[in-house]
Structure formats: structure tokens, C-alpha cells
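Breakdown of the fold
Listed here are the chains, written in short residue letters.
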Amino acid sequence: MNIRARKGIVIATGGSAGNPTFRTMFDVRLTAEYQAENSEWTQRTADGEIAAMEIGAALGATACQTTQDDNLLTKGRMGKKSNGTATDLYAASPHFFRAGALGLRVNDYQNVILVKEKGLRFYDETADTRNYEYYAAALAWTGDPKKMNGGGPIWAIFDSDAVGRENWQVKPPYVDANGYFFSADTIEELARKIVNEYQWRPMPPAALRQTVERYNSFVDKGVDVDFKKPTPMHKIAKPPFHAAWHTPAIHDSYTGIRINTTGQVLDLRGKVIPGLYACGDSSGGFGQHGICRAATFGRLAGWHAANQAA
């Protein structure tokens, strides 16, 4: 299909959150294991941004993708690959095959511990979802020799008592047993079962066992010596034991093509590229995301384009 645009083109392709190569220009830690929220609907591949850059467009406000503003990263749900928090994709949906599972919401982080791919805890699990220091710890490199950034998978470890307290359903369609949720009768067996496309090595069974035993000792003492989790309450002791994918999710795209106040795209020298506009998550310059940003600059771009000579 060939379309002749007489007054302008508006780039509104949904942003770049699903393109690891593109987003690591803004923050080298955002490697492939971090999933973009709602990627079961669209991958948000930065195709609009790349097309604009190929004719000279500049990017704007690249630091916005992982600053401490707004809800840039989220702790998300557990047990599914696309593990954002904002929307639900139900099992009856024709798109559900892309989601793999509904995921589990954690009501109380006293019921889980969070470990990296090496089987070790890294932070207080009860940290708020907007706690920047939590994400700094989560995204810190753990030793994958094939990459020098990105924290690798994070797994929530819990037992059957936690399942009861949270009233979780630990079976499909609530969890994705194809690499994002595992169960076993022993901690060591659980570690050996964790096979995932982003888990660069097997989780060391002895390390996970030691982590669980040390955490259980904190419950006995009522003090988390390692990460100051407030009064650890529940041991991880009753089989079966579970490991659920709980790697941070990228909520949306917060950076993109540089625009002016009428939505016109600017080049690397700050000059307008005639007839080219951008809005929504494809545009850059704001610590904001979503429908309001898209609607505001979409209208501004439309008004400006409509007033141009054909």
C-alpha cells in the first residue's frame, strides 16, 4: 500500500520499550530479560523512531527511561514472561497465547524471597515498587560472561504455606510452566529445574539452599541481618516449593523522537524536519507516558499539519 501524505506524517507507533538494542542506548542495564508491559499485544519495536532517525531525527530526554520519576519500572506480577501490572489479558482472549499466563499478584512480600540467577537475595523484598534503589540492585550485573550489563533473571521463591496465605493458583492459566514457573519437593531440586531462555547458567542448588536456610534463621531471630527486611515473618519450609519469574518489567516508553511544542520532529541540529511529527510514546521530552501524552501531542500535531499548505 502506498499512501501519499500531502500535509504531514505523524509517527505514533507505540514506543521502543520492547526493543533491547534500542532501549540500551538510554540505559545499558535494560537488557533482553526485562519485558515490556503489554508486549502480548504489541512488541513496541521502535520502528517509527528508527525510520525517523534514518532521515536525521534526534532523540530527546533519553534519561527519562530509568529516572526516579513516575512508574518507569515495576516489580510486576509473578510467573509469566510479560509481567507488568497495569492490565489483564484473560485466558478467553484470542491473544492469550502470546501472554502464556495471567500471572500472580503479590499482596504481601513477607510471603516470598527474591533471588537472582545465582540463588542469592539482593534487597529487602518489601521495597515499594517505586523504590529506585531496589531497581538499581535488581539491574546490577551478576556475572554473565556474554554480557556486561543487566541483572539477569529474578525469581520469587516460596512454599506451599505462602500459596495458602496469598490464595494463589499455582497452575495454568495462572502461571506459565514453560520456563517461568517451577515447582519441586526440595529446594535443591527446584534450583535444578529452573531452565529459562534468560537464565545463563543453572541456578546453584547449594546456594539456593543456603539462602533459604539463612532466611529461615532470620525468621527465628525476627531480624534480617542482610537486607533489613522488616521483621521476617514466614519460613520457607513446607513443600512443594516454587520459583516464579519476578524480573522487573518496563512499564512504557519514556523517551523517543525529539519534538517541539507543536509535535514537529527536530533533527540533530535542532531544526524542524518539514512534514514530520511524533506523539505518544514515540516522542521524547517528557517524564510521562500513555494516552494523555499521545492525545495531547497527537492533537497538536494534527492541528499544525492541517494548517500547512498542501
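Here the structure is a predicted model, which is why all the values come from computation and not from measurement.

Overview of the packing of aromatic side chains
According to the stated counting rule, one finds 10 aromatic pairs in the structure shown. Relative to Phe182, the ring of Trp155 lies with its centre 5.7 Å away and its plane at 65 degrees, an arrangement referred to as edge-to-face. Here the residue Trp155 occupies a position in strand β6 (residues 154-158), and Phe182 occupies one in strand β7 (residues 181-184), the gap between them amounting to 27 residues. In this structure, Trp155 and Phe182 share a single accessibility class: buried. An angle of 40 degrees between the planes, with centres 5.9 Å apart, marks the rings of Tyr198 and Trp245 as tilted. Note that Tyr198 is positioned in the loop between α6 (187-193) and α7 (205-221) and Trp245 in strand β8 (residues 241-245), a separation of 47 residues in sequence. Grouping aromatic residues by their ring pairs yields a cluster made of Trp155, Tyr180, Phe182, Tyr198 and Trp245.

A look at the layout of surface pockets
Remark: the empty space left among the atoms is shown by a probe the size of a water molecule rolled over them. The computed volume of the largest pocket comes to approximately 210 Å³. At the level of elements, α1 (20-23), β2 (35-36) and α3 (96-99) are the ones that each hand at least two residues to the lining of the largest pocket. Considering only residue class, the lining of the largest pocket consists of six nonpolar, five polar and five charged. Around the second largest pocket, the lining residues are Arg77, Asp88, Leu102, Gly103, Leu104, Arg105, Asn107, Glu166, Asn167, Trp168, Gln169 and Tyr174. Partitioned by chemical class, the residues of the lining of the second largest pocket number four nonpolar, four polar and four charged.

A closer look at empty space enclosed by the protein
With the rule as written, the count across this model stands at two cavities of 30 Å³ or more. Within this model, the second largest cavity holds a volume of roughly 50 Å³. As for the second largest cavity, its lining consists of Glu37, Asn38, Glu40, Arg77, Lys80, Ser82, Gly84 and Thr87. In terms of residue class, the lining of the second largest cavity is made up of no nonpolar, four polar and four charged.

Thoughts on the pattern of salt bridges
A full pass over the atoms with the stated rule returns 15 salt bridges. Ionic pairing is found between Lys238 and Asp161, a salt bridge with its closest N-O pair at 3.7 Å. Taken together, the residues Lys238 in the loop between α7 and β8 and Asp161 in helix α5 (residues 160-166) connect sequence positions 77 residues apart. Here the residues in one salt-bridge network are Arg121, Glu125, Asp224 and Lys229, joined through shared partners.

What counts, and where the lines are drawn
- Residues numbered from 1 in each chain as written.
- Predicted model: local features only at pLDDT ≥ 70, side-chain atom pairs only at ≥ 80, totals over all residues.
- Heavy atoms only, no water.
- Phe/Tyr/Trp six-rings, centres within 6.5 Å; stacked < 30°, edge-to-face > 60°.
- Helix = DSSP H or I, 4+ residues; strand = E, 2+ residues; numbered from the N terminus.
- Buried < 20%, exposed > 50% of the residue type's maximum accessible area, 1.4 Å probe, protein only.
- 1 Å grid on protein atoms, 1.4 Å probe; cavity = no way out; pocket = protein on both sides within 12 Å on 5 of 7 lines; lining within 4 Å.
- Points joined across faces, edges and corners; volume = space filled by probe spheres on them.
- Nonpolar A, V, L, I, M, F, W, Y, C, P; charged D, E, K, R; others polar.
- Salt bridge = Lys/Arg side-chain N within 4 Å of Asp/Glu carboxyl O.

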